[in-house]
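Here is what each chain is made of, one letter per residue.
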Amino acid sequence: MHSGADIKEFGGQMSGPPLIPMIHAIEAASKPVVAAIEGIALGGGLELALGCHYRIAHSKARVGLPEVTLGLLPGAGGSQRLPRLIGVPAALDLITTGRHVTAAEALKFGLVDQITDHNTVNVAVKFAQRVADQPLDARRISTYPCLCPSDVAVLFEEVMQRVRRTARGAIAPIACVQAVRAAATLPYNQGMERERELMATLFTSGQARALQYFFFAQRAVGRWSMPSGARWDTSKPRPVHKAAVIGLGTMGRGITVALAQAGFSVVAVETQEKQLMEAKQAISGMLERGAKRRGVAPALDKINYGRNIQSVADVDLVIEAVFEDMALKKKVFQQLSAVCKPSTFLCSNTSGLDIDQLACQTRNPELVVGMHFFAPAHVMKLLEVVYGPKSSPLAVATAMQLGKKIGKVSVAVGNCRGFVGNRMLKPYLEQALFLLEEGATPEFVDQVLEEFGFAMGVFRMSDLSGLDVGWKVRMADGLAMPDPTTGQPTRLRQGRRYSPLGDLLCEQGRFGQKTGRGWYQYDKPGSQVAKPDPWLHSFLDEYRARHALVAHRIDHQEVLERCLYSMINEGFRILEDGIAAGPEDIDVIYVFGYSWPRHHGGPMFYAATVGLNKVLERLEHYYQAHPDVPSLQPCHLLRKLVASGSPPIQKWREVIKKVRSQL
Ligand SMILES: CCCCCCCCCCCCC/C=C/C(=O)SCCNC(=O)CCNC(=O)[C@H](O)C(C)(C)COP(=O)(O)OP(=O)(O)OC[C@H]1O[C@@H](n2cnc3c(N)ncnc32)[C@H](O)[C@@H]1OP(=O)(O)O
């Protein structure tokens, strides 16, 4: 097994002999060298194998060049040898995506010469004996011509365009294409020189730092801890064999599919007959499409549908996914507590309601946790596992393990309004609305955020998810009400600046894509092509005039700083409150759940990159200009970190611990 270079060494001095001359020496050897690949050969591991004259892989082996995912390119000759061995199109695919391939796929590509089910080293030794006296000239990949299709220029242009579109500002995928283009167009030595130049730029880039940080952050979140001291390594999960999902709306359907695809028996409950039939049809379709893509049989028989909550009596774990309404959820939890085995874990897919209030409805509140999935739940990788004050380590460990089994990156978080993800989203959305009030357009705000690397700006995202979702929540909170004296919406609620813009759009029936109108206009309801809407621009002008707001020129920097720094400030508050154990938890939630560009590492890593003193200084500046916006007031932990000399992100936990102990 060779997982490539030690990623931890990239930031400093790399140990061991230099890889490139070593690979050249192997390739130049006069005796045949056969690589025996077992387990995995990734990155430098595969580059080493490409320097060998033959490659034998175990049938269970996997190979790949994942450097692009770390902000790098295969810099030990991989970008030059792979296209010479398997051709430009296949090499471009593997190098720009970084995907791992099975031994069978590698054989098909010609990446390995033979696969075996037996002891790979023994087979490789026998193979070497067989080819010992054969000439090696035709086995040195660096001497091969690069196999190019006739329209190779068109291919590179197409791939470059695709990569630029999907990379969202990431530089490594582009450098990967450039390196393969060098293999296709230059002699080997010049290609190696180009690979070295491109690698040198990537190697010291901030994006590589961010992606390498994120590699370890993804793994760090599995080592969860709770303020009580309970931890991942001392809390054993209980096995779950049978699960239930209550409520088969969009979320419930996705959760059912995720569970069934992972092999769990699922009882899927929807009380209304018509909705149940619709859900059954939709879930079967999702399972069939997924199975077709993966070349397996659809897991249709894993699901039992029912209208009666009694049918969940024997399950080990229930995930409630009914409408986001506290009274309704409380009722469901009361029923579940009466119906289920005393040992059944009761989980809620709420996106932000108080888990403790639900736990209080049950006989065993220690078995209640939140399992906050993200739509579409069978696709999105993120799961927030929310523990309330009564949740036991057993319940958290079980939910975390279930998340892992269904392929999610699970992050344990504390119980507060919106948990981590949605709590941080609030100031971000709020700033975006304030920017509109002050003179920006939705198009401009979105453009800035998309240039930063978000898949969608805040307004396009809001149109996609539906403006009515937040409106209902604000109504329930008593926020989205017109001023009773004037009938006009006021811009101050509960003592803070408030923008009623979203509420006013909803009052006009503009719910986003589904109604064909929102912050943008669409050709028809359901269409996804957002176009600027002149109506919206006049509406904003009238709104500003009505509230005596003078539009001023808002630049790129102000949009980015106000949206991102207010969100980051909330992230520091979350750390201070102990809702997230460390900055990695927040960053993983934002990359997997909110399309934060991975090459910026996540919001907290980004703050560290910008410089905590700069974030603090800009927040102070904006708070002075907007003293009625508390989310712009720099929080205590941020000040404390700056006062402690802005330590590297890996050291923040020490400062957080001190701040929390003083609370
Ligand atoms: C001025 C500058 C000039 C610059 C010019 C420089 C030129 C230099 C040329 C240098 C050429 C270098 C060539 C080599 C490059 C590379 O090899 S890059 C690395 C490529 N490899 C990878 O990306 C693999 C990463 N690992 C994985 O994908 C997975 O870990 C796995 C191997 C598939 C195993 O998965 P799984 O079984 O799920 O286990 P994990 O939990 O992920 O991992 C277990 C622990 O191992 C740690 N780990 C794994 N791989 C690495 C690694 N490569 N380096 C360091 N650590 C690794 C992982 O973090 C886990 O640790 P814990 O969390 O502590 O348990």
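Throughout this document, residue positions are counted from 1 along each chain, in the order its sequence is written. Local features in a predicted model are, by the rule used here, given only for residues with pLDDT of at least 70; side-chain atom pairs are given and counted only at 80 or more, and totals for whole chains, interfaces and linings are based on all residues. Only hydrogens and water are set aside when side-chain values are computed; all heavy atoms of the structure are taken into account.

Caption draft 1: Spotlight on the site of the ligand. Note on terminology: near, applied to a residue and a molecule or strand, indicates that one of the residue's heavy atoms is within 4 Å of it. Residues in contact with the ligand amount to 22 residues; listed here are only the nearest, Ser 3, Ala 5, Ile 7, Gly 44 and Arg 219. N or O atoms closer than or at 3.5 Å make up a polar contact, with two conditions inside protein: a donor-capable atom paired with an acceptor-capable one, and, for residues adjacent in sequence, both atoms drawn from side chains. Note that an oxygen atom of the ligand is positioned 2.7 Å from one of the backbone N or O atoms of Ala 5. In this structure, an oxygen atom belonging to the ligand sits 2.9 Å away from a side-chain N or O atom of Arg 223. Accessible surface area values rest on a Shrake-Rupley calculation with a 1.4 Å probe, where residue burial reflects the displayed protein chains alone. For the ligand, whose free accessible area comes to 1300 Å², the fraction covered by protein is 65%. Put simply, DSSP H or I for four residues or longer makes a helix, DSSP E for two residues or longer makes a strand, and each gets a number counted from the N terminus. Mapped by element, the contributors of at least two residues to the shell around the ligand are strand E2 (40-42), helix H2 (44-51), helix H9 (188-203) and helix H10 (206-220). Examining the composition of the shell around the ligand, we find that three residues originate from one element, H10, more than from any other. Under the convention adopted here, Pro, Cys and the residues Ala, Val, Leu, Ile, Met, Phe, Trp and Tyr are nonpolar, Asp, Glu, Lys and Arg are charged, and Gly plus all remaining residues are polar. Along the lines of polarity and charge, the residues of the shell around the ligand split into 12 nonpolar, five polar and five charged.

Caption draft 2: Spatial organisation of the pattern of salt bridges. Every case where a carboxyl oxygen of Asp or Glu lies within 4 Å of a side-chain nitrogen of Lys or Arg is listed as a salt bridge. Evaluation of the coordinates by the stated rule reveals 36 salt bridges. A salt bridge links Glu 437 to Arg 497, with the nearest nitrogen and oxygen atoms 2.9 Å apart. With Glu 437 in helix H16 (residues 421-437) and Arg 497 in strand E16 (residues 496-497), this pair connects stretches of sequence that are 60 residues apart. The exposure classification of Glu 437 matches that of Arg 497, with both residues buried. Ionic pairing is found between Asp 468 and Lys 514, a salt bridge with its closest N-O pair at 3.0 Å. Highlighted residues: Asp 468 in helix H19 (residues 467-476) and Lys 514 in the loop between helix H20 (501-507) and helix H21 (534-546), separated in sequence by 46 residues. Residues joined in a network through salt bridges with shared partners are Glu 437, Glu 438, Arg 491, Arg 497, Glu 558 and Arg 562. A simple rule labels every residue: compare its accessible area, found with a 1.4 Å probe on the protein chains alone, to the largest value its type can have, and call it buried under 20%, exposed over 50%, or partly exposed in between.

Caption draft 3: Looking closely at the sheet that holds strand E10 (residues 317-320). When DSSP finds two or more bridges between a pair of strands, those strands are recorded as paired. Strand order in the open sheet formed by eight strands is E9-E8-E7-E10-E11-E12-E13-E14, and the pairing between neighbours is mixed. The open sheet has two edge strands with one neighbour each: strand E9 (303-306) and strand E14 (409-414). The mean inter-strand angle of the sheet, taken between neighbouring strand axes irrespective of direction, is 25°. Relative to strand E11 (residues 345-348), E10 is paired through four bridges, and the arrangement is parallel. Across the sheet, the residue bridging to Leu 317 is Phe 345, located in E11. Where helix H11 (residues 250-261) meets the sheet, its contacts fall on strand E7 (242-246), strand E8 (265-269), E9, E10 and strand E12 (368-373), and the angle it forms with E7 comes to roughly 165°. Note on definitions: a residue-residue contact is assigned when non-hydrogen atoms from the two residues lie within 4.5 Å. To obtain an axis, a line is fitted to C-alpha atoms, over the contacting stretch when the element is a helix, and the angle between two such axes runs from 0 to 180 degrees between their N-to-C directions. Docked against the sheet, helix H13 (residues 326-339) engages E7, E10, E11 and E12, running at close to 165° with respect to E11.

Caption draft 4: Expanded view of the UniProt feature "domain: 3-hydroxyacyl-CoA dehydrogenase C-terminal" (unreviewed entry) in the chain. UniProt annotation of "domain: 3-hydroxyacyl-CoA dehydrogenase C-terminal" (unreviewed entry) refers to residues 418-522 and 559-646 when read in the numbering used here. Overall, residues 559-646 shows 69% helix and 0% strand. The separation of its end C-alpha atoms is 25 Å. UniProt positions are given in the numbering used here, feature names are shortened, and annotations may be inferred rather than shown by experiment.

Caption draft 5: Representation of the confidence of the model for the chain in the model. What pLDDT conveys is the predictor's confidence in a given residue, as a value from 0 to 100. On average, residues of the chain carry a pLDDT of 95, and 99% of them reach 70 or more. Here the complex is predicted with pTM 0.95, and the ipTM for its interfaces comes to 0.96.

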